[in-house]
Amino acid sequence: MADVAKLARVSHQTVSRVLHDSPHVKGDTRERVLDAIRQLNYRPNTVAQALVTGRTMVIGVVSFDTALYGPASTLIGIEEAAHEAGYAVSITSLRSLNRASVLDAVLRLRNQGVDGVVVIAPQKTAVEALRHLPPGVPVVTVEAGSNSPVPMVAVDQRGGAMAATQHLLDLGHRTVWHIAGPADWIEAEQRVAGWKAALKKAGAPAPPLLRGDWSAHSGYELGRQLVQTPDVTAVFVANDQMALGLLCLLHEVGRETPRQISIVGFDDIPEAAYFTPPLTTVRQDFAEVGRRCIHLLLGQLEGPTRAREHVVVPTQLILRKSTSPAKAR
C-alpha cells in the first residue's frame with residue numbers, strides 16, 4: 001500500500017479509502033490511485049485487512065447436496081449477490097438436512113472465520129436445527145417457513161400456487177388436481193396450502209392429493225393414476241420436472257395437452273419453454289432471493305442483534321401453451 005501511495009502521490013489512508021470505495025475521494029485522485037494499483041499489480045492482503053477490520057469478507061453457505069433446480073438456483077443467486085457486495089463464498093453441501101449436520105456445518109464455517117452464514121433450509125428438519133444455533137452467529141435462512149427463528153427470505157410459494165390454481169379455474173375447469181412434492185419439504189406444503197386455498201375460495205371440490213418426489217419419474221407414475229379418472233381436465237404440478245413426466249405419460253396414452261388436460265408447473269426451469277407443449281408455470285426470482293439474503297445478513301453484521309425479519313419474494317405466472325379453456329360438457 002505504501003508503494004501505491006508513493007506512485008500515486010497520495011497518503012496510504014487515501015489508498016485505503018479507494019480500496020474500500022469511500023465516496024470521500026476526488027475523482028481524479030481515485031483514478032490516479034487505481035492506475036498505480038494496476039501498474040504495481042497490487043493485491044490487498046486479506047489476512048491483514050481481517051486483522052484490522054475484524055472481517056474476512058467471506059460468507060458461508062450451508063446447502064443441500066442436490067441437483068434439484070430450486071435449491072441449486074437459490075445457491076447461485078446467493079453467490080452472485082455476495083460477489084456483487086464484495087464477499088467471497090464458502091459452501092458446505094450436506095447430504096441430509098438434519099439437526100446435527102446443519103449445526104455442525106454452521107459451526108465449522110464459523111470456525112473458518114466467515115463473517116456470517118446463509119442456511120438453505122427447505123426441509124422441516126433443517127428448521128429445527130436453527131432453533132439451537134449459538135448466539136452471536138449472524139445467520140439468514142432461505143425457505144424455512146413462517147416459523148423460522150432467524151431472519152428468513154422465501155419465495156411466495158403459497159401465492160404462486162394460488163395463482164396457478166386460479167388460472168386453471170378461470171379457464172372454466174370445474175376443479176384442479178394437484179401433484180405435490182414430498183411432505184417434509186416446506187415449499188411443497190406451502191404449495192399444497194395455496195392450491196387448497198384457491199379451490200376453497202372458488203367453491204370448487206378438492207380432489208385427492210397426489211404425492212411425488214420432485215422427479216420426472218414420479219410425475220410419470222402418478223400420471224397413470226390420473227388417466228384412470230376420466231373427469232380430470234386440469235392439473236397443477238408442484239414442480240416442472242414432475243410436470244415433464246406427466247406430459248410424457250399423457251402423450252403415450254393419447255391424452256392431448258391442453259385440449260384434454262391442462263397442466264401448470266412450478267419453477268420455470270430453462271427447459272420449460274421447450275416442453276411439448278411449452279409449459280405454463282410459476283417463475284421464482286432466485287436472483288432477488290439472493291440479494292435479499294445478503295442484505296439481511298449484512299444488516300446483522302452492522303447491528304448488534306439478530307432481528308427476526310421475514311422477507312417474501314413474489315412469484316410470476318408464465319403463460320404458455322399447456323393450458324386452455326375447459327371443453328364444454
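For the structure, see preceding data.
A brief report on the enclosed structure follows. This structure is a prediction, so every number in the text was calculated from the model and none was measured.

**A word on the nonpolar core**
Counting residues in each nonpolar core, the largest one holds 51 residues, and the members touching the most others are Val 117, Val 119, Ile 179, Val 235 and Ile 263. In terms of nonpolar packing, the next biggest core, distinct from the first, is built from 21 residues, Ile 59, Val 140, Val 289 and Leu 296 among them.

**Quick look at the packing of helix H8 (residues 157–170) against helix H9 (residues 186–202)**
Following both chains from N to C, one finds H8 and H9 inclined at 40°, their axes separated by 7 Å at the closest point. One finds that H8 runs oblique with respect to H9. The two elements H8 and H9 cross, and the hand of that crossing is right-handed. Contacts between H8 and H9 involve Gln 157, Arg 158, Ala 161, Met 162, Thr 165, Gln 166 and Leu 169 from the former and Glu 187, Gln 190, Arg 191, Ala 193, Gly 194, Trp 195, Ala 197, Ala 198, Leu 199 and Ala 202 from the latter. Residue composition of the contact of H8 with H9, grouped by class: nine nonpolar, five polar and three charged.

**Here we look at the sheet that holds strand E9 (residues 262–264)**
What the four strands build is an open sheet, ordered E7-E6-E8-E9; its pairing is parallel. Pairing within the sheet leaves two strands with one partner each, and these edge strands are strand E7 (210–211) and E9. Contacts between H8 and the sheet are confined to strand E8 (234–237) and E9, with E8 contributing the most and set at about 170° to the helix. Taken strand by strand, H9 contacts strand E6 (177–180), E7 and E8, and its axis lies near 170° from that of E6.

**A short note on the environment of Lys 201**
Here Lys 201 lies in helix H9. In the structure, Lys 201 is positioned 35 residues away from Gln 166 in sequence and 9.4 Å away in space, judged by C-alpha atoms.

**Points about the pattern of salt bridges**
Any two side chains of opposite charge can pair, on the condition that their charged atoms come close. The full count for this structure, using the stated rule, is 10 salt bridges. Between Asp 231 and Arg 174 there is a salt bridge whose closest N-O contact spans 3.7 Å. You can see Asp 231 sitting in the loop between helix H10 (216–226) and E8 and its partner Arg 174 sitting in the loop between H8 and E6, a full 57 residues away along the chain. You can call Asp 231 partly exposed: its relative accessible area is 38%. Between Glu 189 and Arg 211 there is a salt bridge, with its nearest N and O atoms 2.7 Å apart.

**Brief notes about unusual backbone geometry**
Backbone torsion omega between Thr 257 and Pro 258 reads 5°, so that peptide bond is classified as cis. By the secondary structure assignment, Pro 258 is in the loop between helix H11 (240–253) and E9. A cis geometry characterises the amide bond from Thr 276 onward to Pro 277, with omega recorded as -5°. Relative to the helices and strands, Pro 277 is located in the loop between E9 and strand E10 (281–283). Even without glycine at this site, Arg 9 takes up a positive phi of about 60°. Mapped onto the elements, Arg 9 comes out in the loop between helix H1 (2–8) and helix H2 (12–19).

**Some points on the pairing of E6**
Burial along E6 is two-sided: the residues Trp 177 and Ile 179 and His 178 and Ala 180 are all buried. Here E6 runs beside E8; their pairing, made up of three bridges, is parallel. Of the residues in E8, the one forming a bridge with His 178 is Phe 236. As paired strands, E6 and E7 are joined by two bridges and run parallel to one another.

**What about the pairing of strand E1 (residues 58–64)?**
Burial within E1 is extensive, with six of its seven residues counted as buried. Relative to strand E2 (residues 88–94), E1 runs parallel, the two being bridged by seven bridges. Bridging across to E2, Val 61 finds its partner in Ile 91. Pairing of E1 with strand E3 (residues 116–120), which is carried by four bridges, proceeds in the parallel orientation. Counterpart to Val 62 in the pairing with E3 is Val 119.

**Brief notes about the environment of Ala 216**
Inspection of the secondary structure puts Ala 216 in helix H10. When its relative accessible area of 24% is taken as the criterion, Ala 216 is described as partly exposed. Placed 72 residues apart in sequence, Ala 216 and Glu 288 show a C-alpha to C-alpha distance of 27 Å. If near-sequence neighbours (up to four positions away) are discounted, Ala 216 is found in contact with Gln 241, Met 242 and Gly 245.

**Quick notes on H9**
Here H9 contains 17 residues, and its C-alpha end-to-end distance of 25 Å stays within 8% of the 24 Å for a straight helix at 1.5 Å per residue. Within H9 the residues assigned to the buried category are Ile 186, Glu 187, Ala 188, Arg 191, Val 192, Gly 194, Trp 195, Ala 197, Ala 198 and Leu 199. Buried residues along H9 sit against helix H7 (124–130), H8, E6, E7 and E8.

Analysis parameters
Residues numbered from 1 in each chain as written. Predicted model: local features only at pLDDT ≥ 70, side-chain atom pairs only at ≥ 80, totals over all residues. Heavy atoms only, no water. Core = buried A, V, L, I, M, F, W, Y, C linked by side-chain atoms within 4.5 Å. Buried < 20%, exposed > 50% of the residue type's maximum accessible area, 1.4 Å probe, protein only. Axes fitted to C-alpha atoms, helices over the stretch in contact; angles between N-to-C directions. Helix = DSSP H or I, 4+ residues; strand = E, 2+ residues; numbered from the N terminus. Parallel < 35°, antiparallel > 145°, perpendicular 65-115°, else oblique. Left-handed = near helix turned anticlockwise from the far one by under 90°. Contact = heavy atoms within 4.5 Å. Nonpolar A, V, L, I, M, F, W, Y, C, P; charged D, E, K, R; others polar. Pairing = 2+ DSSP bridges. Salt bridge = Lys/Arg side-chain N within 4 Å of Asp/Glu carboxyl O. Expected span 1.5 Å × (residues − 1).

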